[in-house]
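Report on the structure
The residues making up each chain are set out below.
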Amino acid sequence: MPVATLLPFTATPSRKSSSPTSFRLTEKFILLLVFSAFITLCFGAIFFLPDSSKLLSGVFFHSSAVETNTRKGTDSDSNIAVGTDEKILAKIRKDHEKALVEAKDTLQKRPDEIKQDIQNEKDKVFKEDLSKGGKDDDNLPVIEYVQPPGATGHEPSDPETKERREKIKEMMKFAWDSYKRYAWGSNELRPVSMQGHSSNLFGSIKGATIVDALDTLYVMEMYEDFEMATEWVEKNLDFNVNAEVSVFEVNIRFVGGLLSAYYLSGKEVFRKKAIQLGEKLLPAFKTPTGIPWALLNLKSGIGRNWPWASGGSSILAEYGTLHLEFMHLSKLSGNPAFAEKVMNIRKVLNRLDKPQGLYPNYLNPNSGQWGQHHVSVGGLGDSFYEYLLKAWLMSDKTDEEGKKLYYDALQAIETSLMRKSSGGLTYIAEWKGGLLEHKMGHLTCFAGGMIALGADGAPEDKTGHQMEQAAEIARTCHESYARTTLKLGPEGFRFDGGVEAIATRQNEKYFILRPEVIETYMYMWRFTHDPKYREWGWEAVQALEKHCRVEGGYSGVRDVYASSPNHDDVQQSFYLAETLKYLFLLFSDDDHLPFEHWVFNTEAHPLPVIKKEMTDTDKPNQLE
């Protein structure tokens, strides 16, 4: 049959067609109306069917939701749906009745019982988290914070000591308020020009003074200022910068400051920030030996050494002053990489021959060999020796390797570097290629406190001998202050050419608010309670107030032998972190940050001793 007969309304009329079977125009029009009505009726019926939207979606779009509901039988029977609703309502009634019973029982309990129930529930959740290796939102292990003893102390009973302690707190408040007023958010303050100052040591990281001062604010119970600093850290401290920083300085000031603030206050933001920064520093160890670079770009992870450092060498005091902070980073993060990095440094050093038992200041991170044979317990070497001793103390005296390395090094220093002047002053000289240079730096004056701190653990009953050495070094360093016009110590002083404990070169006559002499006074007071150490400390306070205090804060001076001070216009962050903290502790009782519970990093940030549990099983160390 011709197609035209089946679908006459689709055929194009032909003028030549005269077949008797073809429809006339009026017939075609009627058929078209009938067919259109039929189609409309069919489609309209679909929309009036029950749940037509689901039917259409199932027919035309094969909806997975419809298929799922069909498989589950949710639409198969209205009786089933009614039964399900009744079950849900019944469960709601049951839960409601149970909650009412529990609330009634709770109200009948005493307040102490309710408090104990809450604590038991918290302990249960905490243990469950630990058993599952619980992590927080930043993938950090769950840690139950317990504040170590002596975070704050009571006022001294002696009226004069109390008055002096309050004076030092006032000095801290003035230094801090000046920074807040003129340089808030900057790394440091220029107190003469009253504006912010930034050192290239920190790249474009901001807030060095804020982070450095956190624990001092807490220790001095300046809690409002501590909270303000905490808020700044939370909102503004950013390590995602495309900048090159000193690994050493950022570690001791920023990582150390954040760790200490966490252990004192328990605020989680400090733990998180410290670990974030620690992770940023890890690429510095990507060298053939694992000895870290001195400088690191925090964004690219590319490191290098100071161009002036003996053929591209790393510096002893820089790579050797990471141990305390990195051991705590491993404890707080659950990441063993931090501890592994610093323990590897020891392995490298143990393989090397030490000239006369001494550690040269330069070590090539590529070859693993010493650079220029220059040895100093002052700049370039100082805190390496300090951290050997403190690694042992911080480990609750379980790090026997650290202990041996320290006492062996101290013996070599006594034999090769420690000398006594014709006037009877004991000093620690510097060693250059077998020749002694009879000078001592202000930085070296920390050694009096270090030797006193380690004397109790000295081998072969040398405790008394080492305490005598510590006292002699403290006296020498006091003389370096007393023999200046301003009664402030020079950067370096010599014992040759007929002079003793006096700076003879212009570039050694400056004083930049350094803490090392005060540090030794504090340790010597704690171990001997000889009143002269407090008197010497008070002399330093008076000199600071007279010559370093200016309208906008505290400034270093360029020449301590001048009749009047010429200010350098920098309030160093370590003045708040170290100098003022050590002065405050010098006039505090011994139970304030006691040595059996706390160890100070080289920036005076107190870190807790990692107590080893005395159990039959070999459990990991716990932080007390």
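Treat the numbers as computed from the prediction; the structure is a model and nothing was measured.

**Some remarks on the UniProt feature "active site" (unreviewed entry) in the chain**
Per the UniProt record, the feature "active site" (unreviewed entry) sits at Glu-249, Asp-382, Glu-491 and Glu-516. When the annotated set is filtered for residues lining the largest pocket, what remains is Glu-249, Asp-382, Glu-491 and Glu-516. Taking the relative accessible area as the measure of exposure, Glu-249 reaches 14% and is therefore buried. Contact partners of Glu-249, with chain neighbours within four places excluded, come to Leu-201, Phe-202 and Phe-254. Note on placement: Glu-491 falls in the loop between α18 (463-482) and β14 (492-494). Here Glu-491 falls in the buried class, since its relative accessible area comes to 14%.

**Things to note about the state of the cysteines**
For the coordinates displayed, the defined rule picks out one disulfide. A disulfide bridge connects Cys-445 with Cys-477, and the sulfur atoms are separated by 2.0 Å. Handedness of the Cys-445-Cys-477 disulfide follows from its S-S torsion of about -95 degrees: it is left-handed. Separated by 32 residues along the polypeptide, Cys-445 in the loop between β13 (439-441) and α17 (447-454) and Cys-477 in helix α18 bring together distant segments of the chain. Residue classification places Cys-445 among the buried positions, given a relative accessible area of 1%.

**Observations concerning a nonpolar patch on the surface**
Residues Ile-88, Leu-89 and Ile-92 make up a contiguous nonpolar surface patch of about 280 Å² in total accessible area. Residue Ile-88 is classed as partly exposed on the basis of its relative accessible area of 47%.

**Examining empty space enclosed by the protein**
Per the counting criterion, the structure on display carries three cavities of 30 Å³ or more. As a volume, the largest cavity reaches approximately 140 Å³. Lining the largest cavity are 14 residues, with Gly-320, Ile-345, Arg-346, Phe-384 and Leu-388 positioned closest to its centre. If you list the elements that add at least two residues to the lining of the largest cavity, you get α14 (337-351) and α15 (382-394). Considered class by class, the residues forming the lining of the largest cavity number eleven nonpolar, two polar and one charged.

**Points about the packing of helix α13 (residues 323-333) against α14**
One way to put it is that α13 packs onto α14 with a least axis distance of 7 Å and a crossing angle of 150 degrees. By the angle between their axes, α13 is roughly antiparallel relative to α14. Relative to α14, α13 is oriented so that their crossing is left-handed. When α13 is examined against α14, the residues His-323, Phe-326, Met-327, Leu-329, Ser-330 and Ser-333 are found in contact with a partner set consisting of Ala-337, Phe-338, Ala-339, Val-342, Met-343 and Arg-346. Partitioning the contact of α13 with α14 into residue classes produces eight nonpolar, three polar and one charged.

**Things to note about helix α9 (residues 223-236)**
Spanning 14 residues, α9 covers 19 Å between terminal C-alpha atoms, matching the ideal 20 Å at 1.5 Å per step. Lining the buried residues of α9 we find α7 (159-183), α8 (208-219), α10 (247-265) and α11 (268-281).

**Details of the packing of aromatic side chains**
As enumerated under the stated definition, the model contains 30 aromatic pairs in all. On the numbers, 5.8 Å between centres and 90 degrees between planes, the contact of Trp-176 with Trp-184 is edge-to-face. The class of Trp-176 is buried, set by a relative accessible area of 0%. Judged by its relative accessible area of 32%, Trp-184 is partly exposed. An aromatic cluster of three or more residues is present, and its members are Tyr-523, Phe-527, Tyr-582, Phe-595 and Phe-600. In this arrangement the basic side chain of Arg-526 is found over the ring face of Phe-595, its NZ or CZ atom lying 4.8 Å from the centre. The aromatic ring of Phe-174 is capped on one face by Arg-549, whose charged end is 3.9 Å from the ring centroid.

Cut-off values and rules
Residues numbered from 1 in each chain as written. Predicted model: local features only at pLDDT ≥ 70, side-chain atom pairs only at ≥ 80, totals over all residues. Heavy atoms only, no water. UniProt positions renumbered as here; feature names shortened; annotations may be inferred. 1 Å grid on protein atoms, 1.4 Å probe; cavity = no way out; pocket = protein on both sides within 12 Å on 5 of 7 lines; lining within 4 Å. Buried < 20%, exposed > 50% of the residue type's maximum accessible area, 1.4 Å probe, protein only. Contact = heavy atoms within 4.5 Å. Helix = DSSP H or I, 4+ residues; strand = E, 2+ residues; numbered from the N terminus. Disulfide = S-S within 2.5 Å. Patch = residues over 30% accessible without salt bridge, like charges linked within 9 Å, V, L, I, M, F, W, Y side chains within 5 Å. Areas by Shrake-Rupley, 256 points an atom, 1.4 Å probe, with all protein chains shown as cover. Salt bridge = Lys/Arg side-chain N within 4 Å of Asp/Glu carboxyl O. Points joined across faces, edges and corners; volume = space filled by probe spheres on them. Nonpolar A, V, L, I, M, F, W, Y, C, P; charged D, E, K, R; others polar. Axes fitted to C-alpha atoms, helices over the stretch in contact; angles between N-to-C directions. Parallel < 35°, antiparallel > 145°, perpendicular 65-115°, else oblique. Left-handed = near helix turned anticlockwise from the far one by under 90°. Expected span 1.5 Å × (residues − 1). Phe/Tyr/Trp six-rings, centres within 6.5 Å; stacked < 30°, edge-to-face > 60°. Lys NZ or Arg CZ within 6 Å of the ring centre and 35° of its normal.

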